[in-house]
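Remarks on the overall topology
The chain contents come next:
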Amino acid sequence: MKPAKPLAIDGSVGEGGGQLVRSACALAAVTSQPIRIIKIRENRDRGKGLKSQHVTAIQWLAKVTDAEVDGLEVGSRTVEFRPRTPPTALKERKVVIVPESPGASALLIFQAVFPFLLYAGNENGDPIELEIHGSTNPSFSPSYEYLDQVFLPTLEQRFGIVVERRLEKRAWTTGPLSRGAIWLKFQPISPGETLKLVKPWDHYKYDRSVNKDLPLTHIDISILVPATLRDLLVTQLQERIDLELLGTEVNFTVSEDSGHNARMYVLAVAHSEKGLRWGRDFLYDRSSKNKQASRLAKEIAYEVVRRLLNQIVVDTAAVDEYLQDQLVVFQALAGGRTAYWSRATERLNTEPEAVDDIDKLTQGMQDLHMGYRMRKDKTHEPFGFGTTHAITARWVTCELLPTAKWFNNGTICEGAGVSIQLPKSTSTEDEANNNF
C-alpha cells in the first residue's frame, strides 16, 4: 500500500518553539501518522532548529515505532517523521532514555514520549518504568518540582493517570553542568480503551480581591538555593504571604542547598478548598553581583508571591497558565468533554448571544450536558484563551486529531476518544485500529 503523504506542519506558527515539535511528534507516534515539520523553532531569537532534547525524544519514538526519519539532527530546521507501528506494539516495559547532551531537559523529553507510552498497554496489563536522564531544573523549562507537585497530581485527579515518580539525581543548566535523572512508573491504558475524565474541574470561582474570601487551604513552597540564603528566604516568603494572603498556611515542603550561587529556584503551589492547585515559580536569572543575601531573599520572595497572586487573583483560571498548554494533548486524546473555568469563561458570560442561560454556564461547568449553546472554535490557526503556548497546542492537536473539537474560545474540548488496538501477529502499518 502506498504510504500516506506526511501532514505538513509549519513550525513557525503561534509560539513557534519546541512545544509545537513535541506535541506534533507525540501525537504522530500515538496515531501512527506521518508528519513533516518545517521552520522548526523559527520564532526563537537564537538557537533555531532542533535541540538535543527534541532529537533525543524523536530518536526514541522513531525506534519504538519503526519510523523512517529525515532531518533528525541538532539544528535541523525540517524533520520528517513517519511512524509505522502503534504504541501497543511496544514490548519494552523498562525504558531508559539518555540524551547526548547532559543539559537536555529530562522534563521536556518526558512531555514528548509520555503520550505514546500512556497508550502502550499490553495484554498482561504490565506497568511501564521510565527513566530519563538530563537536566531536572533547566532554564526556560518545567522543573522536576513542578512535574511532581502540579502536573502529575492533576493528571491523577482529573484523568486517573497515576504515576509513581522519583528524583534520582538533580541537575541544573546554571552553574557546572551535570547529568541528572528522573524515574517514573505507571499503568498504561489497556488496548482498545480510551482516556477518560474521571473528575471534572470544579466550577467554583472566588472573589478576586486579594484579602477577601480566598478559599486557599495552604501554599506549599520548594526552596532550592545556596545554604546561606535559605533561612533568609524562608522568613521573607512567610512575611510576604502573610501580608498578601493573611491567614494562609505555608508549608516549606522542599528545602535544599542548590550547591552554587547561580542556582536559586523557588516554586510556590497554592491549594484551594476544592482541590485545585496553581503553581508559579522563579529561577533567578538576574545579576546577583554585589547583592547582599538579605536583598536577594527579599527580591526572590517578592517575585514568587507576585507571580502567584497574579495567577490566582488577576489571571484566574482553574488551571495555571503553565499547566494549560501541557493538558491540551490529554484533553484532545480523551473521550468526552473536558472544561475548566477561566477568565475566558467570564467573558463569555457577558455575551448573551453565546449562551442561552448564563447561570447554567457559571454554575455547572462540571456538567456539560446541560443544553447551553456552544460555539465551535475555528481551528485553522492558533486559537482560544491563554498563552501563545496554549493556543498553539490546541491548533497542533486539531491538525493531528481532526475529530477533536473545541468550543467557546478553547474553554471546552470534545476529545477525539483515541483508542489503540493490539496489532495483529502479522502487523502492517494499517492493522492497528486507531479510533480518532
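Report follows, based on the coordinates.

Each value, and the rule that gives it
Residues numbered from 1 in each chain as written. Predicted model: local features only at pLDDT ≥ 70, side-chain atom pairs only at ≥ 80, totals over all residues. Heavy atoms only, no water. Helix = DSSP H or I, 4+ residues; strand = E, 2+ residues; numbered from the N terminus. Buried < 20%, exposed > 50% of the residue type's maximum accessible area, 1.4 Å probe, protein only. Areas by Shrake-Rupley, 256 points an atom, 1.4 Å probe, with all protein chains shown as cover. Contact = heavy atoms within 4.5 Å. Polar contact = N/O pair within 3.5 Å; in protein donor to acceptor, adjacent residues only side chain to side chain. Pairing = 2+ DSSP bridges. Salt bridge = Lys/Arg side-chain N within 4 Å of Asp/Glu carboxyl O. Core = buried A, V, L, I, M, F, W, Y, C linked by side-chain atoms within 4.5 Å. Axes fitted to C-alpha atoms, helices over the stretch in contact; angles between N-to-C directions. Disulfide = S-S within 2.5 Å. Bend = angle between axes of the 7 residues up to and from the residue.

Some thoughts on the overall build of the protein
What the protein contains, in helices and strands, is 10 helices and 15 strands. In the protein, buried positions account for 54% of the 436 residues. When the accessible surface of the protein is totalled, it reaches about 18,300 Å², and 46% of it is carbon and sulfur.

Focus: the environment of T173
Note that T173 resides in the loop between β7 (163–169) and β8 (180–186). When residues no more than four places from it in sequence are discounted, the contact partners of T173 are G103, S135, N137, P138 and S139. Among the polar contacts listed, one links the side chain of T173 to the backbone nitrogen of S139, at a separation of 2.9 Å.

Quick notes on the pairing of strand β4 (residues 79–82)
Burial along β4 is two-sided: V79 and F81 and E80 and R82, pointing in opposite directions, are all buried. Bridge count between strand β2 (residues 35–38) and β4: 3 bridges; the pairing is antiparallel. Counterpart to I37 in the pairing with β4 is V79. Judged from the 3 bridges that link them, strand β3 (residues 68–70) and β4 form a sheet pairing that is antiparallel. Across the sheet, the residue bridging to D70 is E80, located in β4.

Thoughts on the pattern of salt bridges
One pass over the structure, following the stated rule, counts 20 salt bridges. D70 is the partner of R82 in a salt bridge, and the nearest nitrogen-oxygen pair spans 3.3 Å. One end of the pair, R82, is in strand β4; the other, D70, is in strand β3, and 12 residues separate them in sequence. With a relative accessible area of 17%, R82 lands in the buried category. Each of R36, D66, E68, D70, E80, R82 and R84 takes part in salt bridges that share partners, so that together they form one network.

Some words on the nonpolar core
Within the largest apolar cluster, 113 residues are counted, with the highest numbers of intra-cluster contacts made by I37, F81, L117, L130 and F151. Excluding residues within four positions of it along the chain, F151 makes contact with F110, Y146, L323, Q326, L327 and F330. Judged by nonpolar contacts, the second largest core, of 6 residues, contains F383, A393, C398 and W406.

With respect to the sheet that holds strand β13 (residues 337–339)
As summarised here, the arrangement of the 3 strands in space is β13-β15-β14, forming an open sheet in which the pairing is antiparallel. Of all strands in the sheet, those bounded by a partner on one side alone are β13 and β14 (405–407). Pairs of neighbouring strands in the sheet enclose a mean axial angle of 20°, with direction left out of account. Sheet topology note: the β14/strand β15 (residues 412–414) ladder contains 3 bridges and is antiparallel. Each bridged residue has a counterpart across the sheet, and for K405 the counterpart in β15 is E414.

Quick word on the state of the cysteines
Tallied over the full model, the rule gives 0 disulfides. This cysteine, C398, is not joined by any disulfide, and C413 carries the nearest cysteine sulfur, 7.4 Å off. What makes C413 buried here is its relative accessible area of 0%.

As for helix α4 (residues 144–159)
Remark: the principal bend of α4, roughly 30°, maps to F151, with a proline, P153, within the next four residues. The element α4 is largely enclosed, with a buried count of 13 among its 16 residues. Phi turns positive one or two residues past the end of α4, at G160, with a value near 75°.

Limitation: the analysis is restricted to geometry and does not speak to function.
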